[in-house]
Amino acid sequence: MPNPRKPEKETITICAYCGVGCGFKAETIGNEIVRMTPWKEGKANHGHSCIKGRFAYDYWCHPDRIKTPMIRDSIDEPWQEVSWDEAFTHAASELKRIQGKYGRSSVGGVSSSRCTNEEIFLTTKLVRAVFGNNNIDNCARICHSPTQFGLSATVGAGAASQHFDSILQADVIMVVGANPTEGHPVFGSMMKRRIRQGAKLIVIDPRRTETVDSPHCRADVHLALRPGTNVAILNSIAHVIVRENRHDEEFIKSRCEWQEFEHWAELVGSEEYSPDNIGPIAGVDPEDIRRAARMYSSGPNSTIYYGLGVTEHSQGSTGVMCLGNLGLACGMFGREGVGVNPLRGQGNVQGGSCLGSWPHVFSGYRFVTDDATRESFEADWGVELDSEPGLRLPNMFDAALTGHFKGMYIMGEDPVQSDPNQNHIIAAFREMECVIVHDLFLNETSKYAHVFLPGSSSLEKDGTFTGAERRIGRVRQVVEPLAGYQDWEVTVKLMNAMGYDVEYAHAGEVLEELARLTPAYSGASFELLDRVGSAQWPVNTAAPEGTEVLHTEQFPRANGLGTFMLTGFVPTRERVSEQFPLLLTTGRILTQYNVGTQTRRTANSQWHPEDVLEMTFDDMQMRGLSNGDSVTITSRFGSTQLKVVESVRVNPGVIYTTFHHAETKANVVTSDLSDWATNCPEYKVTAVEVAKVISPDAQHAEASVKRSAPRERDVEEVR
Amino acid sequence: MWNEVRGLRDGIDYGTPPRDGKPVTLTVDGVEVTVPEGSSVMLAATEAERAVPKLCATDMLESFGSCRVCLVEIEGQRGYPASCTTLVAPGMVVQTQSDRLATLRKGVMELYLSDFPESEIPDGWSEFHRTLEEIGITGHRYGKGQNHFGLPVDDSNPYFLFDPAKCIVCSRCVRACAEVQGTFALTIEGRGFESKVAASQGESFMESECVSCGACVQACPSHALVEKSLFPGGYERAKST
Amino acid sequence: MTTDDNRPAVSGDVIDMKHLIVMANQIGDFFASYPPKRAREGLRNHLRINWDPRMRNALLAHIDSGGDGLDVNVIDAVQLLRKAADKSGYYGPPQA
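Predicted model, so just to flag it, every value in this text is computed and none were measured.

1. Things to note about the overall build of chain A
So, point 1. When its secondary structure is counted, chain A shows 22 helices and 28 strands.
So, point 2. Its C-alpha atoms give chain A a radius of gyration of 25 Å, within 12% of the compact-globule value 27 Å for 719 residues.
So, point 3. With respect to the three principal axes, the spread of C-alpha positions in chain A is 70 × 65 × 65 Å.
So, point 4. For chain A, the share of sequence-separated contacts (at least 6 apart) that also reach a separation of at least 24 residues comes to 74%.

This is the structure we're talking about:
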């Protein structure tokens, strides 16, 4: 037929991929999705899309989809297919047996940021009300947990202060440790639109990314700092602002704790953080630091967008506090065109944060140690709850190795591929007695699992997502779940199997419960979202259709004022040395999404069939490497192989790769260091060495890489 | 400010981006309508439910004025201005229909039709087909002349293809790649009859800087750029008679 | 449902003491910018709100047996936990 077939039905839903949360129309003929088109009324995307949401949806019906539950007694045995009932009974009895033998805190769970708010909430309920402990975490642990910590400390809310459109009113845009053109493309396009209209751009990133330089859009200042020096640079920028009197005294006096500002100004104003001192340490021209500081503080509207290049460091939370401090110091909060905004990566990671999928807080960011909050949950759920914080995800693995943690329910996550220090994690899983993986496909983690519960994609369920701009929107079911259940139904049945009696007629009832227990979501309901499309939290009686810009009058801290945290620069313990003289940093690419669970099963792999290592020409030449060679990359923790390509995007001494393919095993190499406050892994700084792989078939057998000849380079330390 | 994104509506194409601005009142076909300053006459006509037929205009992109279909008559102005590039003015009086306008539009559409594969006209549901119906055209007076039916289909991208035979060179794809996505991968190569859509330096879509965002596919009014998933058995080139 | 009893059947530290020492020292490094009293209370609050009680107890036990590897200011701060160890309640900075 020469003419294209015409879709019969449209269902408005939200993209399954990144935190922009583009509104899409899923167009179907019968039970087949024939295309996804961007929804013009989607408030996050206004009719635009990227390759992933627009085209890469076929993974949902990929032959690898598991449709039947499976169990096995040991990970060395093959999987046995069983019925749903058998799977639930087996999982429940195993978990209870383990708790009987090793104690109540020997099991835990992790929720998925690609599942709905309703599903995340039910997972926290499973762990808290049914397991009886607080060993619940979410993947934000390994990406934006420092955002949660750092922004809560300074401005009282660990979330983006603005909505995306706000950037259209910005005069200066500062992007720190993020690459929106690749990681949040639709937002990146909006940002470029504003820059073409004349806004200035400052980028702080070790690489010359597409965000730094693309058609009609070039950064006015690019600080290509050495990985691990974020806090030093941000303090140095603050130094210039404070010393040159560029801070907004009126704003600080009226909206912030003035005394804390004075302490902070004294810290950053000290000689230690002058650009002349910090520039050489960070590998940046001191004059550029001054230009960035003057540009940002002049505004009039300056906005900050940041990503994992800030958070995934041993000073991740400190880095976020620096950004909060800068925003407060220059009065860049509480109106359009300003703010400090984390670019949260996953479709519903903000939801996971809001709904208490953390070991130390209930939903609404209220501490588990707080009696009043805990009692309100106990009243609603009908059971006594644990009053002490539980284990964070990395600590669950540590505890497995000492025999204290034996069972785990993992929904929609693949820690073996995505978490750092892979050998450590695999060893931990091997010690566990009941690992339950609830996912769409078999993955690296399921190799160590005892129960596999087939999951459902976001095309197969009803619920809500909360995007990076705090936007709560409706995920609507487009096709029937392949395995027969929506994910939230599976969690409920597991709860039932363990003896906790609860049922919900549909996902909307779960939203009602979570709205009751989460102040910022109290006004959210399917009815509201059907009527207005989407709403940014807080959505409550004061703001029945949501809140676009935060902090307009008060900061949500006890005294309503913002505060300044003292952010001394503490260099990472990860140092380069003679043995490991290069710094590896990681990132993302447009066409693949995180560990590639979905995108590798679509045609997107044609663009990025493998992860490659980017190195400068000089670094390659020193090691006898040519473009396209296979190389081994080694750190203190392990080694893996990659293909190397020459790049002008990184500085000498810094190398870069992505982590989308399991074969890459990038995380075998990453370190065990993490953020002081949240244990967010320091993915962005690993000391490594690279050497050519000598293939046994090589026709011209090259002698080993020229490492025997002593090199002129000095041993460097990251200060 | 931002009405150009926030003012967009599903199911309505205003033709040019909504604006923020002081209200301006004008009359379209006798209907009084008030729109923000900076809006086009085309947008005002759509608001007044007197929408003008169009091809190269769409409300996600700035106006271009190349197709010459959206012509209107404005009291006190000579000629037949394009409603997409004409801004509203207070008290303006616009006519969207007249015999002369109908003739002009039919003329333009016949020219488009003479270079469009005829076998694809029945059952087509693209914007181009709808506009043909709106204007009341089913055939053209020209015999078989020079055309673009021989240009190769670019199906290098796994998700969408480009069939130049159906391209009406409205430039919506080029503009979408520039204004909406910001990648600037597309351009119009050549002039006059030789004009054609090209990716980067005349490479295939896959080899070019295209990031496969689909903005061009979304913008294309004639299904020249179209999702491969809408052709379950594979894409068959139209046979031109 | 679940057992009421939280006694672990396994003895020994819940996580490797090496990790706990590194983590505790890192927290100490952050609070080093603060005057001593606030630094001690800040560290204490942080552990109280964020650390599983078994991790806190392991750290206290380590201090009892010499506190090898821990920075001095960290030891002082962690000791404050003894007074609060039995008390549940709000210890942290104000939140959203």
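Next comes the rest of the write-up.
2. Here we look at the overall build of chain B
So, point 1. Per the secondary structure count, chain B includes 6 helices and 8 strands.
So, point 2. From first element to last, N terminus to C terminus, chain B shows the α and β order α-β-β-α-β-β-α-α-β-α-β-β-α-β.
So, point 3. Along the first, second and third principal axes, the C-alpha set of chain B runs to 50 × 45 × 35 Å.
So, point 4. Scored against the burial criterion, the 241 residues of chain B give a buried share of 45%.

3. Here we look at helix α1 (residues 17–31) of chain C
So, point 1. The end-to-end C-alpha distance of α1 of chain C is 21 Å, a good match for the 21 Å that 15 residues give at a rise of 1.5 Å each.
So, point 2. Regarding α1 of chain C, the residues found buried are L20, M23, A24, Q26, I27, G28, D29, F30 and F31 of chain C.

4. Here's the deal with the interface of chain A and chain B
So, point 1. Contact residues are listed per partner, giving 33 residues for chain A and 34 residues for chain B.
So, point 2. Those elements giving two or more residues to the side of chain A that touches chain B turn out to be β3 (32–38), α1 (51–55) and α6 (185–196) of chain A.
So, point 3. When grouped by side-chain class, the residues that make up the side of chain A that touches chain B number 14 nonpolar, 10 polar and 9 charged.

5. Section: the arrangement of the chains
So, point 1. Comparison of the 2 pairs of chains in contact shows the highest number of contacts for chains A and C.
So, point 2. Contact between chain B and chain C is absent, and the minimum C-alpha spacing across the pair is 29 Å.

6. Topic: the environment of Y448 of chain A
Residues and elements named next belong to chain A.
So, point 1. With respect to the helices and strands, the residue Y448 is situated in the loop between β18 (434–439) and β19 (451–454).
So, point 2. Note: C-alpha distance between Y448 and V368 (80 residues apart in sequence) is 31 Å.
So, point 3. Ignoring anything within four residues of it in the chain, the contact list for Y448 reads I75, I426, F429, R430 and V435.

7. Re the environment of L267 of chain A
So, point 1. Structurally, the position occupied by L267 of chain A is in helix α9 (residues 258–268).
So, point 2. In sequence terms L267 of chain A and N235 of chain A are 32 residues apart; their C-alpha atoms lie 8.7 Å from each other.

8. Some remarks on the domain arrangement of chain A
All names here are of chain A.
So, point 1. By domain assignment, chain A separates into domain 1 (9–61), domain 2 (70–143 + 347–457 + 483–499), domain 3 (161–342) and domain 4 (582–692).
So, point 2. A straight line from the C-alpha centre of domain 2 to that of domain 4 covers 30 Å.
So, point 3. In this complex, domain 2 contributes 19 residues to the contact, which on the side of domain 4 involves 18 residues.
So, point 4. Among the elements that take part in the side of domain 2 that touches domain 4, helix α18 (residues 422–431) stands out by supplying 3 residues, more than any other.
So, point 5. Of the residues that constitute the side of domain 2 that touches domain 4, the class distribution is 6 nonpolar, 8 polar and 5 charged.

9. Some thoughts on the sheet that holds strand β22 (residues 534–536) of chain A
Residue and element names in this part refer to chain A.
So, point 1. As summarised here, the arrangement of the 3 strands in space is β20-β21-β22, forming an open sheet in which the pairing is antiparallel. The two strands at the open ends of the sheet, each matched to only one other strand, are β20 (463–466) and β22. Across the sheet, the mean angle separating the axes of adjacent strands is 30 degrees when strand polarity is ignored.

10. Re the nonpolar core
Nonpolar side chains in soluble globular proteins tend to be buried together.
Residues and elements named next belong to chain A.
So, point 1. Counting 275 residues, the largest nonpolar core has I173, I233, I237 and I436 as the members making the most contacts within it.
So, point 2. The greatest single-element share of this core, amounting to 9 residues, is contributed by helix α7 (residues 230–243).
So, point 3. When residues no more than four places from it in sequence are discounted, the contact partners of I233 are I204, L223, L225, I278, A282, V284 and I289.
So, point 4. With 24 residues, the next largest nonpolar core counts L613, V631, I655 and V690 among its residues.

11. Side note on the sheet that holds strand β28 (residues 686–692) of chain A
Residue and element names in this part refer to chain A.
So, point 1. With respect to topology, 6 strands assemble into a closed barrel ordered β23-β27-β24-β26-β25-β28, the strand pairing being mixed. Neighbour-to-neighbour, the strand axes of this sheet turn through a mean angle of 45 degrees, independent of strand direction.
So, point 2. As paired elements, strand β23 (residues 582–587) and β28 share 3 bridges and run antiparallel to each other. Each residue of the ladder has a partner; that of L583, found in β28, is A687.

12. With respect to the pairing of strand β1 (residues 23–28) of chain B
Residue and element names in this part refer to chain B.
So, point 1. Alternating positions in β1 separate cleanly, V24, L26 and V28 being buried on one face and P23, T25 and T27 remaining unburied on the opposite face.
So, point 2. Bridging between β1 and strand β2 (residues 31–36) involves 6 bridges; their strand directions are antiparallel. Residue pairing for β2: P23 is matched across the bridge by P36.
So, point 3. From the end of β1 to the start of β2, which pair antiparallel, there are 2 residues, and D29 there has a positive phi angle of about 50 degrees.

13. Observations regarding the pairing of β19 of chain A
Residues and elements named next belong to chain A.
So, point 1. What you see with β19 is no split at all: V451 and L453 on one side and F452 and P454 on the other are buried throughout.
So, point 2. Summarising the sheet, strand β4 (residues 70–71) and β19 pair through 2 bridges and their orientation is antiparallel. Bridge pairing in β19 places I71 opposite V451.
So, point 3. Sheet topology places β18 next to β19; 4 bridges connect them, and they run parallel. Its bridge partner lying in β19, D439 is registered against P454.

14. Describing helix α11 (residues 286–298) of chain A
So, point 1. Across its 13 residues, α11 of chain A extends 19 Å between first and last C-alpha, which sits within 8% of the 18 Å expected from 1.5 Å per residue.
So, point 2. Tucked into the core, α11 of chain A has its buried residues touching β8 (172–176), β9 (200–204), β12 (221–223), α7, α10 (275–282) and β13 (302–306) of chain A.

15. A short note on the packing of α7 of chain A against α11 of chain A
All names here are of chain A.
So, point 1. Put simply, α7 and α11 touch, their axes get as near as 8 Å, and they point 65 degrees apart. Between α7 and α11 lies a crossing of right-handed hand. From α7, I233, S236, I237, V240 and I241 reach across to α11, where they touch I289, R290, A292, A293, R294, Y296 and S297.
So, point 2. Its residues assigned to classes, the contact of α7 with α11 shows 8 nonpolar, 2 polar and 2 charged.

16. Here's the deal with unusual backbone geometry
Residue and element names in this part refer to chain A.
So, point 1. Cis peptide bonds are those with omega within 30 degrees of zero, and the linkage from G299 to P300 qualifies with 5 degrees.
So, point 2. Inspection of the secondary structure assignment puts P300 in the loop between α11 and β13.
So, point 3. Even without a glycine there, the phi angle at H551 is positive, about 65 degrees.
So, point 4. Position of H551 among the secondary structure elements: in the loop between β22 and β23.

17. So, the packing of α7 of chain A against α10 of chain A
All names here are of chain A.
So, point 1. Packing of α7 against α10 brings their axes to within 10 Å, and their N-to-C directions diverge by 160 degrees. Regarding the angle of α7 to α10, the classification is roughly antiparallel. Crossing of α7 over α10 shows left-handed handedness. Contact with α7, carried on its side by A232, I233, S236 and V240, involves P275, I278, I281 and A282 of α10 and no other residues of that element.
So, point 2. Taken together, the residues that form the contact of α7 with α10 break down as 7 nonpolar, 1 polar and no charged.

18. Details of the confidence of the model for chain A
In low-pLDDT regions, the fine details of the predicted coordinates are not to be read closely.
So, point 1. Per-residue confidence for chain A gives a mean pLDDT of 92; residues scoring 70 or more make up 96%.
So, point 2. Considering only residues more than four positions removed or in separate chains, one finds that residues 696–719 of chain A, a stretch of pLDDT under 50, has 23 contacts.

19. Quick notes on the confidence of the model for chain B
So, point 1. For chain B, the mean per-residue pLDDT works out to 94, and 99% of the residues sit at or above 70.
So, point 2. ipTM for the predicted complex: 0.95, alongside a pTM of 0.93.

20. Notes on the environment of P415 of chain A
All names here are of chain A.
So, point 1. Locating P415 in the fold gives a position in helix α17 (residues 415–418).
So, point 2. Taking the C-beta count within 10 Å as the criterion, P415 has 28 such neighbours and is therefore assigned buried.
So, point 3. Spatially, the C-alpha atom of P415 lies 17 Å from that of I120, the residues being 295 residues apart in sequence.
So, point 4. Each residue touching P415, except ones within four places of it in the same chain, is listed here: I425 and T445.

Calculation notes
- Residues numbered from 1 in each chain as written.
- Chains lettered and ligands numbered in written order.
- Predicted model: local features only at pLDDT ≥ 70, side-chain atom pairs only at ≥ 80, totals over all residues.
- Helix = DSSP H or I, 4+ residues; strand = E, 2+ residues; numbered from the N terminus.
- Rg over C-alpha atoms; globule rule 2.2 N^0.38 Å.
- Contact = placed C-beta atoms within 7 Å.
- Buried ≥ 20, exposed ≤ 12 C-beta atoms within 10 Å, placed from the backbone.
- Expected span 1.5 Å × (residues − 1).
- Nonpolar A, V, L, I, M, F, W, Y, C, P; charged D, E, K, R; others polar.
- Domains from an automatic or database assignment.
- Pairing = 2+ DSSP bridges.
- Axes fitted to C-alpha atoms, helices over the stretch in contact; angles between N-to-C directions.
- Core = buried A, V, L, I, M, F, W, Y, C linked by C-beta atoms within 7 Å.
- Left-handed = near helix turned anticlockwise from the far one by under 90°.
- Parallel < 35°, antiparallel > 145°, perpendicular 65-115°, else oblique.
- pLDDT = per-residue confidence, 0-100.

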